[in-house]
Amino acid sequence: MTSAHSDQQSKTNSTIFKRLKAGELLRKDDPEYPDFAEVVSRTIHLCMEMNATATGIDQVREKLSVIVGYPIDPSTTIFPPFHTNFGIHIQLGKNVFINHACSFLDIGGIIIEDHVQIGPRVNLTSENHPIDPLDRQTLIPSPVVIKRNAWIGAGATILPGVTIGENAIVAAGAVVNRDVPENTIVAGVPAKIIKTL
């Protein structure tokens, strides 16, 4: 393990990251906010570098492994460009396929289980803000979970706190604001069940 990786690992063990994973709100006056901001800055830089310099699937996987902090399984494929704002709260299973131009906002956590397929331009967002205008800068983390063998169609958006069930299909362009049961197909804005598999 390199000393840079070791430094990063100790920072990501900071209390603020545990609190975010537990769903605690984050405000800019939090004493540990600089640790959070440092990870965001690092991730944005590494993401830009990955998208600009990776010359093949293996290189994308290697560079994204640095961003997420663990070795991504060789069976998983990510097509660039790929965008994330945090990186360290992404968990990718085996045999996952992520198509071009996806955006993962993972501060609240994104878990993608084995054999998931994600189409181009899909947005997964695990963070929200209060509706109160006086508290709008506060961050509310809430994880997105995509269960085994699910398929997310092109241009779909999965909102914070949503779980996509095993074998489920999210149609292209859908906006998913509630859990999707296993073995169902959802479509529309907001997404509704249109078929059971």
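Relevant structure appears above.
Residues numbered from 1 in each chain as written. Predicted model: local features only at pLDDT ≥ 70, side-chain atom pairs only at ≥ 80, totals over all residues. Heavy atoms only, no water.

## Observations regarding the sheet that holds strand β12 (residues 151–152)
- Across the sheet, which stays open at both edges, the seven strands sit in the order β1-β4-β7-β12-β15-β17-β18 with mixed pairing between neighbours. Unpaired on one side and paired on the other, β1 (77–78) and β18 (192–196) mark the two borders of the sheet. (Pairing = 2+ DSSP bridges. Helix = DSSP H or I, 4+ residues; strand = E, 2+ residues; numbered from the N terminus.)

## Thoughts on the sheet that holds strand β3 (residues 90–92)
- What the four strands build is an open sheet, ordered β3-β6-β11-β14; its pairing is parallel. Two strands bound the open sheet, and with one partner strand each, they are β3 and β14 (163–164).
- Relative to strand β11 (residues 144–146), strand β6 (residues 110–112) is paired through three bridges, and the arrangement is parallel. Directly across from I111, in β11, lies its bridge partner V145.

## Considerations on the packing of aromatic side chains
- A full pass over the atoms with the stated rule returns five aromatic pairs.
- Relative to F104, the ring of F82 has its centre 4.9 Å away and its plane inclined at 75 degrees; by these criteria the two rings are edge-to-face. Linking F82 in strand β2 (residues 82–84) with F104 in strand β5 (residues 102–105), this pair joins segments that are 22 residues apart in sequence.
- Taken together through their ring pairs, the aromatic side chains of F17, Y33, F36 and F86 make up a single cluster. (Phe/Tyr/Trp six-rings, centres within 6.5 Å; stacked < 30°, edge-to-face > 60°.)

## What about helix α3 (residues 33–53)?
- With 21 residues, α3 should reach 30 Å at 1.5 Å per residue; the first-to-last C-alpha distance of 30 Å fits that figure.
- Within the span of α3, buried status applies to F36, V39, V40, T43, L46, C47 and M50. Burial along α3 is one-sided: seen end-on, the buried residues are contained in an arc of 140 degrees. Summarising the geometry of α3, the exposed residues directed more than 90 degrees from the buried face are P34, H45, M48 and A52. (Expected span 1.5 Å × (residues − 1). Buried < 20%, exposed > 50% of the residue type's maximum accessible area, 1.4 Å probe, protein only. Arc of directions from axis to C-beta.)

## As for the nonpolar core
- F104, I112, I118, I146, I164 and V176 are the most contacted members of the largest nonpolar core, which has 38 residues in total.
- Looking at this core, the elements with two or more residues in it are α3, α4 (57–68), β3, β5, β6 and β11.
- Looking at which element gives the most residues to this core, the answer is α4, with four residues.
- In this view, I118 contacts F97, I98, N99, C102, F104, I112, L124, I146 and I152; residues no more than four positions away in its chain are not counted.
- Of all hydrophobic cores here, the second largest spans 11 residues; its members include F36, V39, F86 and I88. (Core = buried A, V, L, I, M, F, W, Y, C linked by side-chain atoms within 4.5 Å. Contact = heavy atoms within 4.5 Å.)

## Remarks on the pattern of salt bridges
- Counted under the stated rule, the structure contains eight salt bridges.
- Of the charged contacts, one joins K63 and E49 as a salt bridge, the two residues approaching to 4.0 Å between their closest N and O atoms. Highlighted residues: K63 in helix α4 and E49 in helix α3, separated in sequence by 14 residues.
- Here E49 falls in the partly exposed class, since its relative accessible area comes to 34%.
- Note that D114 is salt-bridged to R148, the shortest N-O span being 3.7 Å. In this pair, D114 is assigned in the loop between β6 and β7 (117–118) and R148 in the loop between β11 and β12, connecting sequence segments 34 residues apart.
- The exposure class assigned to D114 is partly exposed, which follows from its relative accessible area of 25%.
- Judged by its relative accessible area of 36%, R148 is partly exposed. (Salt bridge = Lys/Arg side-chain N within 4 Å of Asp/Glu carboxyl O.)

## Remarks on the environment of T43
- Along the chain, T43 turns up in helix α3.
- Residue classification places T43 among the buried positions, given a relative accessible area of 0%.
- Linking T43 and L92, residues 49 residues apart in sequence, is a C-alpha distance of 17 Å.

Function cannot be inferred from these measures alone, as they are strictly geometric.
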